[in-house]
Amino acid sequence: MEKTGIEEESGTPPLPPPPTIPTNVKLEKVAPPKRSVINRRGVGTDGRRISLLTNHFRVSMNVTDAMFYQYSVSITSEDKRVVDGKGIGRKVIDRLYQTYSSELDGKKFAYDGEKSLYTVGPLPQNNFEFTVVVDELLARSANGSPGANGSPSGNGKRPKRSFQSKTFKVAISYAAKIPLKSIFLALKGSEADNNAQDALRVLDIVLRQQAATRGCLLVRQSFFHDDSRHFTDVGGGVTGCRGFHSSFRTTQGGLSLNMDVSTTMILTPGPVIDFLLANQNIRDPRYISWEKAKRMLKNMRIKTKHSNMEFKITGLSEKPCNQQQFPLKMRNGNDANDEEQTLEVTVYEYFTKHRGIELSISAYMPCLNVGKPKRPNYLPLELCSLVSLQRYTKALSTLQRSTLVEKSRQKPLDRIRTVTDAVRNYQHDEDPVLSACGISIERQLTQVEGRVLEAPKLKVGNSEDCIPRNGRWNFNHKKLLTPVRIERWAVVNFSARCDTSHLSRELINCGRNKGILIERPYNLIEEDPQSRRASAVARVENMFDLVREKLPGPPEFLLCVLPEKKNSEIYGPWKRKSLSEFGIVTQCISPTKINDQYLTNVLLKINTKLGGTNSLLAIEHTSRVPLIKDTPTMILGMDVSHGSPGQADVPSIAAVVGSRCWPLISRYRASVRTQSPKVEMIDALYKPLANGNDDGMIRELLVDFFQTSNGRKPRQIVIFRDGVSESQFNQVLNIELEQIIKAYQHLGEVDFPKFTVIVAQKNHHTKLFQDGAPENVPPGTVVDTKIVHPRNYDFYMCAHAGMIGTSRPAHYHVLLDEIGFSPDGLQHLIHSLSYVYQRSTSAISIVAPVCYAHLAAQQMGQFIKFEDLSETSSSKTSITIEETVPVPELPRLHENVQGSMFFC
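None of the values given here were measured: they were computed from a predicted structure.

Asker: Any chance you could explain the pattern of salt bridges here in plain terms?
Answerer: It is possible for side chains of opposite charge to pair when their charged atoms get near one another. Inspection of every chain in the model, using the stated rule, returns 35 salt bridges. In this structure, glutamate 738 engages arginine 35 in a salt bridge whose closest nitrogen and oxygen atoms are separated by 3.2 Å. Of this pair, glutamate 738 sits in helix H17 (residues 729-746) while arginine 35 sits in the loop between strand S1 (2-3) and strand S2 (48-54), placing them 703 residues apart in sequence. Judged by relative accessible area, which is 17%, glutamate 738 ranks as buried. One salt bridge connects arginine 673 with glutamate 700, and the closest N-O pair in it is separated by 3.7 Å. Of this pair, arginine 673 sits in strand S36 (residues 668-675) while glutamate 700 is found in helix H16 (residues 697-708), placing the two residues 27 residues apart along the sequence. Exposure remark for arginine 673: the relative accessible area of 6% places this residue in the buried category. Taking the relative accessible area as the measure of exposure, glutamate 700 reaches 23% and is therefore partly exposed.

What follows is the structure in structure tokens.
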């Protein structure tokens, strides 16, 4: 070990010297952001009080002056290459501690698995360099499997094991101090979050390290054990693995540990053959597509049955096992001095004759290649099993997702039991690093007081009042508020097994009961059987040819019957053709059971798309929405949908919906654009063109508001932003809001409207439970004390009725409130916006504008066939000068449907 640091008398390492600035560099003062997140202005008082429990566990800290020291870690191998792999990093650092504990004064540390290491108090020096030797268990001669440059002696005996030592250089250097006191200051609301977040990150790293030591799979702040009792097979060779999320959070009630049940997807462990059969949904190995198998298996880790060794799959052999040859070195006799000769043998022959291993099904299948490009190493398939806890990161199919949801949901009491047992069993606070901070964690759920807001009254047809009960209502013996009349329409059937004549009659009858007058359809158009085998685009083209041929003029509405309920390949091309090229409103269905409830749900969508209104809030019907009734107010919902994991070149879809027809807050128009993959901030809110025009999304919505609100311009804008994390709040305020203001300015406006900006989060781990009752919390439950942020303005709301599983509340963060809502006023508005979703007759879990933005992004994302983009995106040219990544643009909607709620 080489010691390169100097210890000062005080025992505190000196801070690193400031960086030197080149003389030719001009220093510029960075302008601070214009806006920052506002503080809490108070709490709500309306509603019935309710006693609740939450999955936050109170944390005490007794050593307030503890100081974390952060050290940078660099690991290099013998050939001077930097080691990046997380698994090997932890092995090296564990070995380092075992070998050099005394040089580190026996001080325990938390290692993040990558490039940082944390201790409570300083190490003896600022800089260390260690040489670490890690032993890896190997089997001699390519682990008992044939390799390209030699194999076992051929006497049929099992090869002996050997250890291969790998040497690493580890450099540890002091980087920074992180005071634990910053958490105390944050809890008092007196310190900016950044410093406290650093300290909390260290505590979270301790939790991750504990889980890694137990052999868990780590996924951000969640960890998963290799325990088949927690596995759920969802089909296709994929298994849901239940584990736990755990993270420290600063709250009004103090520091807490947020512990929740979490699920990730893994490859189903077990024989590779079984995996391939399940993955390709076949029963007979003879029908395996080896091209698909090769793509699927690459980089998976397997363990061999005959030698119990682990490998990573690099590919498949070109020939079957009984034809794939490799050079085998053999001695003529048993004497060590006998001459070696090299024979070409097949993999099958080697394992059956030379190793004495019976192979029953591998002979005619390719082998797994676990070697390197120039040194292949072949293994028969039946000797290989997939190692457990390998993450599956591709998107799940609809069936897999529904299976996972059905099998993994837990009732509230079950979830309480699971989480509290986990906190008791894991005993996080016994970790030496946490002990050094004086941290202790309570073993029971935190009690918190909530309030249940009264459901808003609704108006339906004939000015009838409709009072939701338990977050639900229905249209039994009721009519829609403003039903449309449908005169020119037709049914088109894409070869689905459906009696379209019966379907149209039942739809007309149901519509009459709901107040919608539907004439008989012009025609029932069946797909030409010759078209069935054509591509989806061709089938849609052919169907529109039939529509033009069989109808006297363009219809106002088409009912489209699809053969598949979900993920039909026809859906995207059909929607693109009808909405973008022809401007015809369509409703796609795939009915399995035609009854009144099903048809009513379909009619709710049709009525909304064609401009009707199913129900309104009673206060909206009479223009009495507080703070909105007197001042023209626009409500925006904003969301960005990203491609599936692993699809790096698929554009993200940004959608913004804006309310129209003020003073209503139930009708919306959508504007949708593509943007660079995986980019969360919306970049086309304001989009100046070379000719001076603005082609942005906000201009489109502002002009529509003006045209549908009797020439009134919005003087107030309430923005609901979905899908951003706390680290992006300032970007929403200083990038997205700035674009919205520029779009307003571009229209020649000098006076800006007042803005209220709210982030709506569903992807969090706080759950609420009734204290002393087995049911989910009632709809309308709000919590704005104790478990909320110590300083910022946030609250939890569970607007919907959770009928199965455990409800997840929405977490609302108010970033800006220039309009000046009272806490009660804002909570009532948000609660009410969960009741204006025109597609359903129940309160939804998050405000309707956010749901509409998500639907619009989802539907228009189908307009582009994204599977082809990986080959074409690089050749496409950029549309505007400012774009750095060429992204294919979405086709714009036809003017006939631009203002419709086509996304419903």
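Asker: Before we go on, may I ask you to explain helix H8 (residues 398-408) in this structure?
Answerer: The α-helix winds at 3.6 residues per turn, so residues separated by three or four positions along the chain end up facing the same way. Gln400, Thr403 and Leu404 are the residues of H8 that are buried. Angular distribution of buried residues about the axis of H8 spans 100 degrees; they occupy a single face of the element. In the core, the buried residues of H8 are packed alongside strand S11 (231-235), strand S12 (238-251) and strand S13 (254-267).

Asker: Looking at this model, I keep getting lost on the pairing of strand S42 (residues 810-817). Mind explaining?
Answerer: Each regular strand carries side chains that alternate between the two faces of the sheet. Burial within S42 is extensive, with eight of its eight residues counted as buried. Where strand S38 (residues 754-761) meets S42, six bridges bridge the pair, whose relative direction is antiparallel. Looking across to S42, one finds that valine 759 is bridged to histidine 813. Two elements, strand S41 (residues 793-798) and S42, share five bridges in a ladder whose sense is antiparallel. Bridging from a neighbouring strand, methionine 797 pairs with alanine 810 of S42.

Asker: Explain the packing of helix H11 (residues 500-514) against helix H14 (residues 596-609) to me, please; I cannot follow it from the model alone.
Answerer: For any two helices packed against each other, one specifies the inter-axial angle together with the distance between the axes. Interaxial distance between H11 and H14 falls to 10 Å at its minimum, and their mutual angle equals 75 degrees. Compared by their axis directions, H11 and H14 come out roughly perpendicular. Facing Leu503, Glu506, Leu507, Cys510, Gly511 and Lys514 of H11, the residues of H14 in contact are Asp596, Leu599, Thr600, Val602 and Leu603. In terms of residue class, the contact of H11 with H14 is built from six nonpolar, two polar and three charged.

Asker: Explain the sheet that holds strand S32 (residues 585-589) to me, please; I cannot follow it from the model alone.
Answerer: Backbone-to-backbone hydrogen bonds join strands into a sheet, with any given pair of strands oriented parallel or antiparallel. The parallel open sheet is built from four strands, whose spatial order is S30-S28-S31-S32. Each edge of the open sheet carries a strand with a single partner, namely strand S30 (524-526) and S32. Neighbouring strand axes in the sheet, compared pairwise and without regard to direction, differ in orientation by 20 degrees on average. Summarising the sheet, strand S28 (residues 489-493) and S30 pair through three bridges and their orientation is parallel. Counted as the bridge partner of valine 492 is isoleucine 525 from S30. Across the sheet, helix H13 (residues 571-582) lies against S28, strand S31 (557-561) and S32, angled at about 165 degrees from S32, the strand it touches most. Sheet contacts for H14: S31 and S32; angle to S32, the most-contacted strand, approximately 160 degrees.

Asker: So what exactly am I meant to see when it comes to the pairing of S32 here?
Answerer: Counting buried positions along S32 yields five of five residues, so the element is predominantly enclosed. Alternating positions in S32 separate into two faces, Val585, Gln587 and Ile589 on one and Thr586 and Cys588 on the other, with burial throughout. Sheet topology note: the S31/S32 ladder contains five bridges and is parallel. Looking at S32, one finds that valine 561 is bridged to isoleucine 589.

Asker: What am I meant to see in the sheet that holds strand S20 (residues 366-369) here?
Answerer: Across the sheet, three strands lie side by side as S17-S20-S21; this open sheet has antiparallel pairing. Where the open sheet ends on each side, the last strands, each with one partner, are strand S17 (315-320) and strand S21 (378-379).

Asker: Quick question: what am I supposed to make of the environment of arginine 892 here?
Answerer: Take arginine 892: it is sitting in the segment after helix H20 (869-872). Overall, arginine 892 belongs to the partly exposed group, its relative accessible area being 33%. Between the C-alpha atom of arginine 892 and that of glutamate 581, which follows or precedes it by 311 residues, the distance is 8.9 Å. Side chain to side chain, arginine 892 and aspartate 695 meet in a polar contact 2.9 Å long.

Asker: Any chance you could explain the nonpolar core here in plain terms?
Answerer: Side chains that are nonpolar tend, in soluble globular proteins, to be buried together. Counting residues in hydrophobic clusters, the biggest one holds 118 residues, and the most contacted among them are Tyr812, Tyr852 and Phe903. A total of nine residues in this core trace back to one element, the largest contributor, which is helix H19 (residues 848-861). Not counting chain neighbours up to four residues away, the residues in contact with tyrosine 812 comprise Ile758, Val759, Ala760, Tyr793, Asp794, Phe795, Met797, Ile830, Ser845, Ile846 and Val847. Listed in part, the 42 residues of the second largest apolar core include Ile288, Tyr378, Leu386 and Tyr392.

Asker: Explain the packing of aromatic side chains here, please?
Answerer: The way to describe two aromatic rings as a pair is by their centre distance and the angle between their planes. The tally for this structure, following the rule as stated, stands at 20 aromatic pairs. An angle of 85 degrees between the planes, with centres 5.6 Å apart, marks the rings of phenylalanine 326 and tyrosine 350 as edge-to-face. Taken together, the residues span a long stretch of sequence, with phenylalanine 326 in strand S18 (residues 325-331) and tyrosine 350 in helix H7 (residues 347-354) at a distance of 24 residues. Members of the aromatic cluster, connected to one another through ring pairs, are Tyr668, Tyr837, Tyr852, Phe902 and Phe903.

Asker: So what exactly am I meant to see when it comes to H11 here?
Answerer: Its 15 residues place the ends of H11 21 Å apart at the C-alpha level, agreeing with the 21 Å of an ideal helix rising 1.5 Å per residue. For H11, the full list of buried residues reads Thr500, Leu503, Ser504, Leu507, Ile508, Cys510, Gly511 and Lys514. On its buried side, H11 packs onto S28, strand S29 (517-518), S30, S31, S32 and H14. N-capping of H11 is provided by aspartate 499, with a side-chain oxygen placed 3.2 Å from the backbone N of serine 501. Once H11 ends, the next one or two residues include glycine 515, with phi positive near 95 degrees.

Rules and cut-offs
- Residues numbered from 1 in each chain as written.
- Predicted model: local features only at pLDDT ≥ 70, side-chain atom pairs only at ≥ 80, totals over all residues.
- Heavy atoms only, no water.
- Salt bridge = Lys/Arg side-chain N within 4 Å of Asp/Glu carboxyl O.
- Helix = DSSP H or I, 4+ residues; strand = E, 2+ residues; numbered from the N terminus.
- Buried < 20%, exposed > 50% of the residue type's maximum accessible area, 1.4 Å probe, protein only.
- Arc of directions from axis to C-beta.
- Contact = heavy atoms within 4.5 Å.
- Pairing = 2+ DSSP bridges.
- Axes fitted to C-alpha atoms, helices over the stretch in contact; angles between N-to-C directions.
- Parallel < 35°, antiparallel > 145°, perpendicular 65-115°, else oblique.
- Nonpolar A, V, L, I, M, F, W, Y, C, P; charged D, E, K, R; others polar.
- Polar contact = N/O pair within 3.5 Å; in protein donor to acceptor, adjacent residues only side chain to side chain.
- Core = buried A, V, L, I, M, F, W, Y, C linked by side-chain atoms within 4.5 Å.
- Phe/Tyr/Trp six-rings, centres within 6.5 Å; stacked < 30°, edge-to-face > 60°.
- Expected span 1.5 Å × (residues − 1).

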